[in-house]
Amino acid sequence: MKYYSTNQVAPHATLEEAVVRGLAPDKGLYMPEIIKQLPKDFFDHIETLSFQEIAYRVADAFFGDDVEPDALKQIVYDTLAFDAPVVKVEDNIYSLELFHGPTLAFKDVGARFMARLLQHFIKKEAGGQTVNVLVATSGDTGSAVANGFLGVDGIHVYVLYPKGKVSKIQECQFTTLGQNITAIEIDGVFDDCQALVKSAFMDEELNRHIKLTSANSINVARFLPQAFYYFYAYAQLKKLGRQHEVVICVPSGNFGNITAGIFGNEMGLPVKRFIAANNANDIFYQYLKSGKYEPKPSKQTIANAMDVGNPSNFARIYDLFGGSHERITSRISGATYTDAQIMETMRQCHKDTGYTLDPHGACGYRALKELLQPGETGVFLETAHPAKFKEKVDAILNGNIQIPERLANFMRGRKQSIEMSKDFNDFKDFLMKV
Ligand SMILES: *Cc1c(COP(=O)(O)O)cnc(C)c1O
């Protein structure tokens, strides 16, 4: 299957080209030419299948033309070495817990899948030159990518992060790994890290010397696999007899996660409608209201993985619905919450139900509380484990949340990082010597 760019200028790309490039040459986002329908009999007995079996069927629809069945199955099964359970929070509201992977957030799924797919393509090429993945992070992406690629042969990952600007818990998740992961601590802010990565991709001399690629969240190999757990959520609801009038609510920042769910819906997954829950960065919410898309600088909030002022995957939603505001609003509604509302929601939910929300999931839960209609069953995506934000969550709930063993292990590791200035020449010299 070929992939086209949302900007319609770049030539259509193969899967391998789209994965290695990330962004299309015309700066658009790659979209699959065809979204295949899954047959009715798949949905008729979906509740009897495992997470991995369901995911393989979905993966086959996306990637089956380009990756041999055995290899694809292996990639899917290796990726999903953890569960994504649906947990009842109250009568009509369920939490899809996407935090049972290595870094306790949903990005593990896409990062692990992309690592294994890239490795598959490298293996097929003779010569086997190491591929260097560059990733700039303000915290969460770096940990998911580093852990996703950890120990994967033929790939080396460089994580660039701003010195002193990521939390200790986040930092230890990508600085303690060693092996094929190198953490680089930049004397600057996140934007400096991102600028260094961009300059590296544009530097011809460097690109002649080493093979570079990005593991950006817009990459199709990170984006599409996020559809897997929407199907699995449906299967679990069906087991409970709650598969009718399902509404899915997604705490959204760059809108990759929700867009993957909408792709699932296009493939036949019976979801009635979607809700995109925003924090104070409400660009999408405003678009739904006015029909105008107006990016703004991002604002800092307590749900910081959603602090996005120009959501990149909006281009995919817009393309999928032919640019029609009416079609978009008929499928997706929105909500936006201040930090005060997020904190109040975390306290209220904990008091009423005993369930501990993280600040991102809290936006999703609240939007369902406010927007669910009689007869509907709501599922919100709990995108991260609350212990990832322990300091905030403890302060808000006046508690002491238990840190899961996986996270505690990172915190016992030894920090290994290379300090570097924000001057591109230093970064380039470093890469020229690897
Ligand atoms: C990345 C992230 C989000 C936002 O997901 P998008 O796909 O960018 O919309 C929400 N919550 C958490 C915890 C995240 O890490």
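Residues numbered from 1 in each chain as written. Predicted model: local features only at pLDDT ≥ 70, side-chain atom pairs only at ≥ 80, totals over all residues. Heavy atoms only, no water.

Visitor: Is there a simple way to think about the UniProt feature "domain: Threonine synthase N-terminal" (unreviewed entry) in the chain in this case?
Guide: Summarizing the sequence annotation, UniProt attributes the feature "domain: Threonine synthase N-terminal" (unreviewed entry) to residues 2-78 in the numbering used throughout. Note that residues 2-78 is 45% helix and 8% strand, and that its end C-alpha atoms are spaced 25 Å apart. (UniProt positions renumbered as here; feature names shortened; annotations may be inferred. Helix = DSSP H or I, 4+ residues; strand = E, 2+ residues; numbered from the N terminus.)

Visitor: What's the story with the sheet that holds strand 3 (residues 86-90) in this structure? I'm lost.
Guide: Either a parallel or an antiparallel arrangement is found when strands of a sheet pair, and the pairing is made through backbone hydrogen bonds. The mixed open sheet is built from six strands, whose spatial order is 3-4-12-9-10-11. Lying at the two open borders of the sheet, with one neighbouring strand each, are strand 3 and strand 11 (332-336). The average undirected angle you get between the axes of adjacent strands in this sheet is 25°. By the bridge criterion, four bridges tie strand 9 (residues 246-251) to strand 12 (residues 377-382) in an arrangement that is parallel. Directly across from C249, in strand 12, lies its bridge partner F380. (Pairing = 2+ DSSP bridges. Axes fitted to C-alpha atoms, helices over the stretch in contact; angles between N-to-C directions.)

Visitor: Mind showing me how you'd approach the site of the ligand here?
Guide: The full set close to the ligand counts 15 residues, and K107, G253, N254, F255 and T383 are the nearest of them. At 2.8 Å from an oxygen atom of the ligand is found a main-chain nitrogen or oxygen belonging to N254. Taking 390 Å² as the accessible area of the ligand by itself, protein coverage stands at 95%. (Near = heavy atom within 4 Å. Polar contact = N/O pair within 3.5 Å; in protein donor to acceptor, adjacent residues only side chain to side chain. Areas by Shrake-Rupley, 256 points an atom, 1.4 Å probe, with all protein chains shown as cover.)

Visitor: Even after reading the chapter, I still don't get the sheet that holds strand 6 (residues 155-162), so can you show me in this structure?
Guide: Here we have five strands laid out as an open sheet, ordered 8-5-6-7-13, and parallel in their pairing. The open sheet is flanked by strand 8 (211-214) and strand 13 (417-420), the only strands paired with a single partner. Direction aside, neighbouring strands of the sheet carry axes that sit 30° apart on average. One ladder, built from four bridges, connects strand 7 (residues 181-186) with strand 13; its direction is parallel. Note on strand 13: the bridge partner recorded for A183 is S417. Along the sheet face, helix 5 (residues 107-124) touches strand 5 (131-136), strand 6 and strand 8 and points at about 140° away from the line of strand 6. Along the sheet face, helix 20 (residues 424-432) touches strand 5, strand 6, strand 7 and strand 13 and points at about 140° away from the line of strand 13. (Contact = heavy atoms within 4.5 Å.)

Visitor: Would you take a moment to explain the domain arrangement of the chain for this structure?
Guide: Interfaces are often described in size by the accessible area the parts lose on coming together. Domain boundaries assigned for the chain yield domain 1 (42-106 + 222-397) and domain 2 (130-210 + 412-432). Between the C-alpha centres of domain 1 and domain 2 there is a distance of 28 Å. For the domain 1 and domain 2 pair, buried surface summed over both sides reaches about 640 Å², with 53% attributable to carbon and sulfur atoms. Together, T103, R222 and K388 form the three largest contributors to the area buried by domain 1 at its contact with domain 2, with a combined 65%. (Domains from an automatic or database assignment. Buried area = accessible area lost by both parts, 1.4 Å probe.)

Visitor: I'm lost on the packing of aromatic side chains in this one. Help?
Guide: Following the criterion strictly, the structure yields 20 aromatic pairs and no others. Residues F42 and F43 carry aromatic rings whose centres are separated by 5.2 Å and whose planes lie at 65° to one another, so their mutual orientation is edge-to-face. Assessed through its relative accessible area of 0%, F42 is described here as buried. Residue class for F43 comes out buried when judged on its relative accessible area of 9%. Arranged with centres 5.8 Å apart and planes meeting at 75°, the rings of F113 and F228 form a pair that is edge-to-face. Of this pair, F113 sits in helix 5 while F228 sits in helix 11 (residues 228-239), placing them 115 residues apart in sequence. Overall, F228 belongs to the buried group, its relative accessible area being 0%. Put simply, the rings of F255, F284, Y287, Y293, F314 and Y318 pair up and form one aromatic cluster. Sitting above the plane of the Y56 ring, K73 keeps its charged end 5.1 Å from the centroid. (Phe/Tyr/Trp six-rings, centres within 6.5 Å; stacked < 30°, edge-to-face > 60°. Buried < 20%, exposed > 50% of the residue type's maximum accessible area, 1.4 Å probe, protein only. Lys NZ or Arg CZ within 6 Å of the ring centre and 35° of its normal.)

Visitor: Please explain the layout of surface pockets as it appears in this structure.
Guide: Vacant regions in the atomic arrangement are exposed by a probe of water-molecule size rolled over the atoms. Its boundaries defined by the atoms lining it, the second largest pocket holds a volume of some 170 Å³. In terms of lining, the second largest pocket is formed by A71, Q74, I75, D78, R116, Q119, H120, K123 and V152. When residues of the lining of the second largest pocket are traced back to their parent elements, those giving at least two are helix 4 (69-79) and helix 5. Broken down by class, the residue content of the lining of the second largest pocket amounts to three nonpolar, three polar and three charged. (1 Å grid on protein atoms, 1.4 Å probe; cavity = no way out; pocket = protein on both sides within 12 Å on 5 of 7 lines; lining within 4 Å. Points joined across faces, edges and corners; volume = space filled by probe spheres on them. Nonpolar A, V, L, I, M, F, W, Y, C, P; charged D, E, K, R; others polar.)

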